[in-house]
Amino acid sequence: MKIAVVVFPGSNCDVDLYEALHTVCRADVEYVSHKQKSLAGFDAVMLPGGFSYGDYLRSGAIARFSNIMPAIIEFANEGKLVFGTCNGFQILTEAGLLPGALKQNNSLKFICKTVELEVVNNQTPFTSLYEANEHIKLPIAHADGSYYAEKDVLEKLEENGQIVFRYAGENPNGSLNNIAGITNEKGNVLGMMPHPERAVEALLGNEDGLRLFRSLLANGKKTEEAAR
Amino acid sequence: MIATEMSPQEIKSKKPYLEWGLSEKEYNYICEKLLKRLPNYTETGLFAVMWSEHCSYKKSKPVLREFPSKNERVLQGPGEGAGIVDIGDGQAVVFKAESHNHPSAVEPYEGAATGVGGIIRDIFSMGARPIAALDSLHFGEINQARTKYLINEVVAGIGGYGNCMGIPTVGGEMTFDECYTGNPLVNAMCVGLMEQKDMQVGRAKGIGNAVMYVGAKTGRDGIHGATFASADFSDEKETQRSAVQVGDPFMEKLLMEACLELTNKHADWLVGIQDMGAAGLASSSCEMASKAESGLELTLDNVPQREPKMSAYEIMLSESQERMLLCIRAGFEEDVEKLFENYGLEAVVIGRVVEGHQYLLKHKDRVVADIPVSSLTDDVLEEESQEKVPLRILQTRENQNWIPQINDVGETLRKMLQQPTIASKKMFTQTYDSQVRTNTVVGPGSDAAVLRIRGTKKALAMTTDGNGRFVYLDPKIGGKMAVLEAAANLIASGALPLALTDCLNYGDPNDPEIYWELHQSVLGMAAACRALNTPVISGNVSLYNENNGEAIYPTPMVGMVGLVKELKYAVPSFVQQQGDLVFIVGNTEEDFAGSELQKMITGEIKGNLNDVDVAQMSSRMMKLLSAMKKGLVKSAHDLSEGGLAIALAETTFGTKCGLDIKTHLNGEELFSETPGRFVVTVAPESQKLFLDEIQDEEVTYVGTVTNNKKLTVAYENGQFDLDLKKAEGLWEEAIPCLMKSKD
Amino acid sequence: MINVRIFVTYKESVFDPQGETITEAIHSLGHSDVKQVHVGKFFDVQVDSSKENVEKTISEISEQLLVNFNLETYHYEIMEEA
Amino acid sequence: MINVRIFVTYKESVFDPQGETITEAIHSLGHSDVKQVHVGKFFDVQVDSSKENVEKTISEISEQLLVNFNLETYHYEIMEEA
Ligand SMILES: Nc1ncnc2c1ncn2[C@@H]1O[C@H](COP(=O)(O)OP(=O)(O)O)[C@@H](O)[C@H]1O
Ligand SMILES: [Mg+2]
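Residues numbered from 1 in each chain as written. Chains lettered and ligands numbered in written order. Predicted model: local features only at pLDDT ≥ 70, side-chain atom pairs only at ≥ 80, totals over all residues. Heavy atoms only, no water.

- Looking at an unreviewed UniProt entry, chain A carries the name Phosphoribosylformylglycinamidine synthase subunit PurQ, with the source organism given as Liquorilactobacillus aquaticus DSM 21051.
- Of chain A, the UniProt comment under Subunit (unreviewed entry) reads exactly: "Part of the FGAM synthase complex composed of 1 PurL, 1 PurQ and 2 PurS subunits."
- What UniProt states about chain A under its Pathway (unreviewed entry) heading is, verbatim, "Purine metabolism; IMP biosynthesis via de novo pathway; 5-amino-1-(5-phospho-D-ribosyl)imidazole from N(2)-formyl-N(1)-(5-phospho-D-ribosyl)glycinamide: step 1/2." (UniProt positions renumbered as here; feature names shortened; annotations may be inferred.)

Structure below.
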């Protein structure tokens with residue numbers, strides 16, 4: 001299984017995602033520039049955190065128009081795995097691959113800390129190695145992480161099991177329904193504000209994010225085998 | 001802004017240069033001795049900025065020569081963008097600190113942000129990837145709306161820039177004293193990591209080679225910034241225009257990535273690289289020519305400009321941010337253009353290295369400057385400064401020191417935990433991304449930050465320290481203590497101190513008492529540097545830190561970096577396990593002058609400091625480090641503000657443990673601030689080996705780690721119990737509470 | 001050249017934390033007569049186009065880029081022709 | 001109740017990186033007729049006061065809180081009396 005980590009101008013967690021996959025999970029991973037137009041040969045694509053285009057206008061608003069975006073949208077529509085963390089989540093909502101939007105934290109401040117999360121849905125390709133309703137800890141680091149969607153959209157998310165992660169302790173940013181991460185209707189696109197790639201090594205104090213990448217790699221492999 | 005330029009004659013008669021910070025004596029020297037003619041408007045401007053304290057260090061140079069700047073590990077000492085130290089395996093660590101006090105006092109968000117931006121450029125201009133940022137911040141007491149505004153904006157500015165760049169802000173310090181109310185100190189430090197083979201220098205040599213400009217366009221930002229930093233400032237007047245520099249971290253991120261690609265992958269194209277900092281294009285270009293003893297010819301029309309109708313003077317002196325100057329081997333100009341274009345950036349040839357040693361500037365088909373390069377960089381009139389021992393010091397020398405009397409030690413400890421200088425700074429540090437790049441093993445809130453170096457067993461530890469109170473009471477002893485404190489922080493993390501950078505923050509050096517403070521504290525710092533074998537490899541001087549004629553405490557900030565040889569022996573600052581034994585390394589004396597306790601009880605800082613034996617402290621630290629390297633130590637925390645009592649409480653915060661302590665010290669001595677002490681925990685089975693290793697009569701066993709959240713201390717004349725859960729709450733809530741309260 | 005000012009605000013259903021914080025700060029300054037503050041942003045756009053075409057350009061850039069319809073709404077004013 | 005809209009913009013010559021980035025993004029969408037974009041913010045303020053007093057309140061809160069005079073300048077419009 002081959003994974004693309006897309007690098008936008010201003011991405012800065014690209015190295016972290018890459019290292020988590022390459023060094024820790026020993027996965028086959030490659031950086032892909034926002035200028036490229038194709039994702040041919042890749043089985044999953046990841047959008048890293050950071051400040052694409054300086055977060056100017058709105059976080060993720062300008063990255064949505066990158067050359068690579070049509071390929072990512074097509075990739076998602078084909079049912080392949082797409083993952084966005086932090087700024088990657090913001091880009092996915094701006095691009096319409098995920099519903100809703102991320103607005104400025106209620107505190108109006110950037111916040112970097114470890115928060116408690118509930119794995120609400122472990123039936124996704126990204127979370128199958130977590131227990132149902134398991135509580136885990138992951139770091140967050142964002143200024144615009146307050147999830148917002150209209151009431152009917154929220155209801156649909158709840159009904160379809162699209163809410164994958166919820167803040168379980170304090171809600172750090174004002175997200176509606178304590179939403180920390182959601183998928184699209186099909187379940188092949190996941191966006192989340194917390195950073196699992198920062199929690200993959202005991203040395204750095206937290207390994208709770210590791211199973212997300214392992215789930216994805218395991219499910220990717222299964223799909224590959226099925227295809228054969 | 002500047003309608004018509006004055007002629008050389010008008011300059012001579014109207015003396016605008018006085019306002020730009022050039023003295024009449026200097027002007028006359030330039031006319032009579034250096035040029036043997038009258039300088040024109042642009043030339044006069046160039047002299048004014050290049051001869052400012054900020055660029056020339058004309059006042060502080062004699063003092064800076066006191067610092068040791070070399071040892072077996074130093075690859076690059078002071079004089080370049082940043083200093084470089086060998087850390088083995090062909091790698092090197094690069095670091096420097098920079099003050100942005102005056103810009104931050106005027107416009108705190110942008111002042112702090114551009115301070116961070118500037119220091120990051122210094123690091124990647126050496127060919128190193130910035131891996132961490134730190135800060136050192138000193139504000140007034142949190143009791144005025146203006147101070148709260150300054151704190152919030154400065155912290156937001158530092159975070160805003162570093163977070164966007166993706167460089168973790170991993171540590172720093174923050175203190176609060178009345179003297180900083182009108183003139184806060186905002187010092188930023190950046191640490192970079194590099195392969196020694198990628199080392200770069202800021203040189204423009206080789207006749208015919210191109211001078212290329214990259215990064216943001218030039219506007220009229222910060223014109224006179226460099227000279228402004230050298231003159232006591234008053235509030236900026238309300239105008240429709242503004243010369244405040246605004247940072248663009250997004251641009252800098254692109255610039256950094258592009259420059260790193262150039263330095264690390266295309267070294268053969270590159271002759272030299274330097275960032276445009278204070279005094280912008282003027283200082284970067286003539287320094288690059290000066291260091292290579294070259295001549296330079298620049299065509300200013302080619303400089304990318306953001307605003308119309310900029311004069312040569314404005315183009316040269318602009319302090320627009322996020323710009324770099326490159327010297328590129330002739331023939332590779334287009335390759336460089338392409339490389340930068342790939343990052344969406346413009347690289348433009350603005351001149352060439354030429355024969356001789358003249359600095360030749362052309363603008364709109366006119367020669368606007370034609371002067372020897374060295375006249376700007378080397379011929380500066382060094383100034384001899386007067387020195388005088390301040391009256392306050394002469395007077396206290398005759399007085400007895402204050403000795404505290406405490407009735408309720410437990411209550412005093414609770415109050416001390418809530419003093420802003422001691423209380424938790426989490427409210428601020430959690431607005432910094434301290435983890436990005438996933439190398440941060442120990443982040444903010446410990447003695448020193450620790451970052452692993454990927455692909456090796458090594459790690460780097462880093463810290464910033466400065467205690468203006470001690471330096472105010474006795475500059476020389478205070479100077480020693482500043483360096484020792486930084487070293488102690490690194491040792492407590494299991495790192496060998498390598499070298500240091502500094503920001504020397506003082507008042508008006510024309511005041512002989514202030515110059516004496518500067519000189520004495522540098523002598524003290526230098527003595528400690530020698531004892532520790534930690535040379536000063538880079539630094540910065542910030543003078544004229546005054547408001548309404550009142551100087552700040554003399555505040556040298558020390559930024560120190562240490563090497564953790566094997567990460568597995570790095571120890572945390574908090575206690576680990578029930579049953580571990582607690583030791584104090586270092587004897588406690590009656591050191592209350594300048595202590596947090598003195599400030600809290602008397603509201604004053606007063607008295608004489610006891611001298612410190614730097615050789616003895618250094619040897620004690622090395623012994624402790626060697627015990628750590630043998631795996632004999634489970635946690636270590638250095639004692640600083642608030643002394644032993646505070647250190648004991650701090651080592652339990654965030655854990656499930658408590659401490660049961662018995663000591664021969666009296667209640668007051670629990671708060672004494674004798675430097676160079678540590679509280680260390682050791683597993684019972686390691687006790688003997690640990691004591692053999694330390695071999696110091698100054699090690700005292702004081703108790704054990706427990707599994708209840710209680711600090712029990714039996715001291716010479718009493719006993720107290722502290723509920724650690726409550727105490728931690730007080731310590732965490734103190735600053736948020738002060739920041740929220742209406743004044 | 002036509003100058004257009006595009007106003008973008010949160011939809012009414014969306015909580016505006018900045019407006020809330022500013023209102024509180026204004027009250028703590030003693031201005032109890034200020035009842036409510038809402039924050040919005042505007043874009044001053046210079047378009048080199050004819051009057052007929054400018055409206056199309058403005059609504060296109062607003063809808064494609066400047067406004068996120070999940071959260072925001074917009075309107076614009078043609079300021080002047082230069 | 002009086003509704004006032006306070007407009008805050010960067011002073012002339014202050015570098016506005018956001019405006020530049022947005023302009024570039026608009027160009028890359030193909031709208032080459034858009035020459036320049038400047039971003040500003042506005043505050044819609046409801047004041048419970050008389051017409052005579054409202055101007056004083058507005059200039060006070062602007063100067064004390066809403067505007068950073070190092071970089072910004074402001075003006076306001078009284079929208080309507082409710
Ligand atoms: N220990 C480290 N700390 C910070 N940055 C690092 C570290 N190791 C590698 N990097 C950076 O991460 C990126 C990817 O690393 P690497 O694969 O070694 O470089 P490259 O892809 O240029 O060959 C590079 O930008 C490199 O500078
Ligand atoms: Mg690589």
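Don't stop here, the text continues.
## So, the overall build of chain C
Thinking step 1. A count of helices and strands for chain C gives 2 helices and 3 strands.
Thinking step 2. Rg of the C-alpha trace for chain C: 16 Å, well past the compact-globule value of 12 Å for 82 residues, more than 25% over.
Thinking step 3. Considered along the principal axes of its C-alpha atoms, chain C spans approximately 50 × 30 × 15 Å.
Thinking step 4. Counting all 82 residues of chain C, 44% fall into the buried class.
Thinking step 5. Considering only contacts within chain C whose residues lie at least 6 apart along the sequence, 71% involve residues at least 24 apart.
Thinking step 6. Accessible surface computed for chain C: about 4000 Å², of which carbon and sulfur atoms make up 45%. (Helix = DSSP H or I, 4+ residues; strand = E, 2+ residues; numbered from the N terminus. Rg over C-alpha atoms; globule rule 2.2 N^0.38 Å. Buried < 20%, exposed > 50% of the residue type's maximum accessible area, 1.4 Å probe, protein only. Contact = heavy atoms within 4.5 Å. Areas by Shrake-Rupley, 256 points an atom, 1.4 Å probe, with all protein chains shown as cover.)

## Regarding the pairing of strand β26 (residues 699-706) of chain B
On a regular strand, each side chain points to the face opposite its neighbour's, so the side chains alternate between the two faces of the sheet.
Residues and elements named next belong to chain B.
Thinking step 1. For strand β22 (residues 581-585) and β26, the ladder comprises 5 bridges, and the chain directions are antiparallel. For V585, the partnering residue across the bridge sits in β26 and is V699.
Thinking step 2. Judged from the 4 bridges that link them, strand β24 (residues 658-662) and β26 form a sheet pairing that is antiparallel. In the strand pairing of β26, D660 is matched with T704. (Pairing = 2+ DSSP bridges.)

## A short note on the interface of chain A and chain D
Thinking step 1. Taken together, the contact between chain A and chain D spans 5 residues of the former and 6 residues of the latter.
Thinking step 2. Viewed at the interface, chain D and chain A are joined by 1 residue pair in polar contact (both at pLDDT 80 or more).
Thinking step 3. Looking at the side of chain A that touches chain D residue by residue, the classes come out as 5 nonpolar, no polar and no charged. (Polar contact = N/O pair within 3.5 Å; in protein donor to acceptor, adjacent residues only side chain to side chain. Nonpolar A, V, L, I, M, F, W, Y, C, P; charged D, E, K, R; others polar.)

## Observations regarding empty space enclosed by the protein
Thinking step 1. As enumerated under the stated definition, the model contains 6 cavities of 30 Å³ or more in all.
Thinking step 2. For the largest cavity, the calculated volume is near 100 Å³.
Thinking step 3. In this structure, the largest cavity is lined by 17 residues; those nearest its centre are A:G50, A:F51, A:C86, A:F110 and A:A141.
Thinking step 4. Broken down by class, the residue content of the lining of the largest cavity amounts to 6 nonpolar, 7 polar and 4 charged.
Thinking step 5. B:N401, B:F470, B:M481, B:E590, B:D591, B:F592, B:A593, B:N608, B:L609, B:N610, B:E673 and B:P675 together form the lining of the second largest cavity.
Thinking step 6. Considering only residue class, the lining of the second largest cavity consists of 6 nonpolar, 3 polar and 3 charged. (1 Å grid on protein atoms, 1.4 Å probe; cavity = no way out; pocket = protein on both sides within 12 Å on 5 of 7 lines; lining within 4 Å. Points joined across faces, edges and corners; volume = space filled by probe spheres on them.)

## Observations concerning the sheet that holds strand β17 (residues 496-505) of chain B
All names here are of chain B.
Thinking step 1. Strand order in this open sheet of 6 strands is β14-β15-β16-β21-β17-β18, and the pairing throughout is mixed. Among the strands making up the open sheet, the edge pair consists of β14 (440-442) and β18 (536-542). Ignoring strand direction, the axes of neighbouring strands in this sheet form an average angle of 20 degrees.
Thinking step 2. Sitting on the sheet, helix α20 (residues 512-532) is in contact with β17, β18 and β21 (555-564), with an inclination near 175 degrees to β17. (Axes fitted to C-alpha atoms, helices over the stretch in contact; angles between N-to-C directions.)

## Digging into the interface of chain C and chain D
Thinking step 1. The interface of chain C with chain D comprises 34 residues on the first partner and 34 residues on the second.
Thinking step 2. Buried surface at the junction of chain C and chain D, both sides included, amounts to about 2800 Å², of which 66% is carbon and sulfur.
Thinking step 3. Seen at the junction of chain C and chain D, the total is 0 salt bridges.
Thinking step 4. Here chain C and chain D share 14 residue pairs in polar contact (both at pLDDT 80 or more) between them.
Thinking step 5. In terms of residue count, the dominant contributor to the side of chain C that touches chain D is strand β2 (residues 34-47) of chain C (14 residues). (Buried area = accessible area lost by both parts, 1.4 Å probe. Salt bridge = Lys/Arg side-chain N within 4 Å of Asp/Glu carboxyl O.)

## Some details on the UniProt feature "active site" (unreviewed entry) in chain A
Residues and elements named next belong to chain A.
Thinking step 1. This chain's UniProt record puts "active site" (unreviewed entry) on C86, H195 and E197. A maximum C-alpha distance of 10.9 Å places the annotated residues, which cover 112 residues in sequence, within one compact spot. Lining the largest cavity, from the residues just named, are C86 and H195.
Thinking step 2. Within the element layout of this structure, C86 appears in the loop between β4 (81-85) and α3 (87-94).
Thinking step 3. On the basis of relative accessibility, which here comes to 5%, the residue C86 falls in the buried class.
Thinking step 4. Setting aside residues no more than four positions away along its own chain, C86 makes contact with G49, A141, H142, M192, M193 and H195.

## Quick word on the side chain of B:E668
Residues and elements named next belong to chain B.
Thinking step 1. Mapped onto the secondary structure, E668 falls in the loop between β24 and β25 (678-682).
Thinking step 2. Despite being buried, E668 has no salt bridge partner; R677 is the closest side chain of opposite charge, sitting 13 Å away.
Thinking step 3. Among the polar contacts listed, one links the side chain of E668 to the backbone nitrogen of I406, at a separation of 2.8 Å.
Thinking step 4. The contacts of E668, once residues within four sequence positions are left out, are P404, Q405, I406, F592 and N717. (Lys, Arg positive; Asp, Glu negative; His and termini not counted.)

## Comments concerning the packing of aromatic side chains
Thinking step 1. According to the stated counting rule, one finds 30 aromatic pairs over all chains in the structure shown.
Thinking step 2. With centroids separated by 6.3 Å and ring planes inclined at 5 degrees, the aromatic side chains of A:F89 and A:Y147 adopt a geometry described as stacked. One end of the pair, A:F89, is in helix α3; the other, A:Y147, is in strand β8 (residues 146-148), and 58 residues separate them in sequence. Each of the two residues, A:F89 as well as A:Y147, counts as buried.
Thinking step 3. A cation sits over an aromatic face here: A:K2 above A:F42, 5.1 Å from the ring centre.
Thinking step 4. Sitting over the ring of C:Y10, A:K103 keeps its end group 5.5 Å from the ring centre. (Phe/Tyr/Trp six-rings, centres within 6.5 Å; stacked < 30°, edge-to-face > 60°. Lys NZ or Arg CZ within 6 Å of the ring centre and 35° of its normal.)

## Here we look at α3(A)
The α-helix advances 3.6 residues per turn, and as a result positions three or four apart in sequence lie on the same side.
Residues and elements named next belong to chain A.
Thinking step 1. Burial within α3 is extensive, with 8 of its 8 residues counted as buried.
Thinking step 2. Here α3 has its buried residues at N87, G88, F89, Q90, I91, L92, T93 and E94.
Thinking step 3. Of the residues one or two after α3, G96 is the one with positive phi, at around 80 degrees.

## Observations concerning the site of ligand 1
Thinking step 1. Neighbouring ligand 1 are the residues A:V15, B:R129, B:I131, B:L193, B:R437, B:N439 and B:R454.
Thinking step 2. Nearby residues around ligand 1 are contributed by chains A and B.
Thinking step 3. Separating a nitrogen atom of ligand 1 from a side-chain N or O atom of B:N439 is a distance of 3.3 Å. (Near = heavy atom within 4 Å.)

## Overview of the pattern of salt bridges
All names here are of chain B.
Thinking step 1. Here the structure, examined in full by the defined rule, presents 55 salt bridges over all chains.
Thinking step 2. Linking K96 and D122 is a salt bridge whose minimum nitrogen-to-oxygen distance equals 3.9 Å. In this pair, K96 sits in strand β3 (residues 91-99) while D122 sits in helix α7 (residues 108-124), placing the two residues 26 residues apart along the sequence. With respect to class, K96 is no different from D122; both count as buried.
Thinking step 3. K480 is the partner of D611 in a salt bridge, and the nearest nitrogen-oxygen pair spans 3.0 Å. Taken together, the positions of D611 in the loop between α21 (596-602) and α22 (614-629) and K480 in helix α19 (residues 475-492) put the pair 131 residues apart, joining distant regions of the chain.
Thinking step 4. With a relative accessible area of 52%, D611 lands in the exposed category.
Thinking step 5. Assessed through its relative accessible area of 11%, K480 is described here as buried.

## Focus: the relation of the copies chain C and chain D
Each of the two copies of the chain can be brought onto the other by a rotation about an axis and a shift along it.
Thinking step 1. Of the transformation placing chain C onto chain D, the axial shift is 0.0 Å and the rotation is 180 degrees, giving an RMSD of 0.3 Å. The relationship between the two copies is best expressed as a two-fold rotation axis. Across chain C, the rotation axis passes nearest the C-alpha of C:K41, at a separation of 2.0 Å.
Thinking step 2. Both copies share a contact surface, since 100% of the interface residues of chain C are interface residues in chain D too. (Least-squares fit on C-alpha atoms with pLDDT ≥ 70 in both.)

## Some thoughts on the packing of helix α3 (residues 41-50) of chain B against helix α11 (residues 280-292) of chain B
All names here are of chain B.
Thinking step 1. At a closest axis distance of 10 Å, the pairing of α3 and α11 adopts a crossing angle of 80 degrees. As the angle between them shows, α3 and α11 are arranged roughly perpendicular. Of α11, the residues touching α3 (which contributes L46, V49 and M50) are A282, S283, C286 and E287.
Thinking step 2. Across the contact of α3 with α11, the residue classes tally to 5 nonpolar, 1 polar and 1 charged. (Parallel < 35°, antiparallel > 145°, perpendicular 65-115°, else oblique.)

## Let's talk about the packing of helix α8 (residues 145-165) of chain B against helix α10 (residues 249-265) of chain B
Residue and element names in this part refer to chain B.
Thinking step 1. Between α8 and α10, whose axes approach to 9 Å, the crossing angle comes to 40 degrees. Taken together, the axes of α8 and α10 are oblique relative to one another. For the pair α8 and α10, the sense of crossing is right-handed. Contacts between α8 and α10 involve G160, Y161, C164 and M165 on the former and, on the latter, P249, F250, E252, K253 and M256. (Left-handed = near helix turned anticlockwise from the far one by under 90°.)

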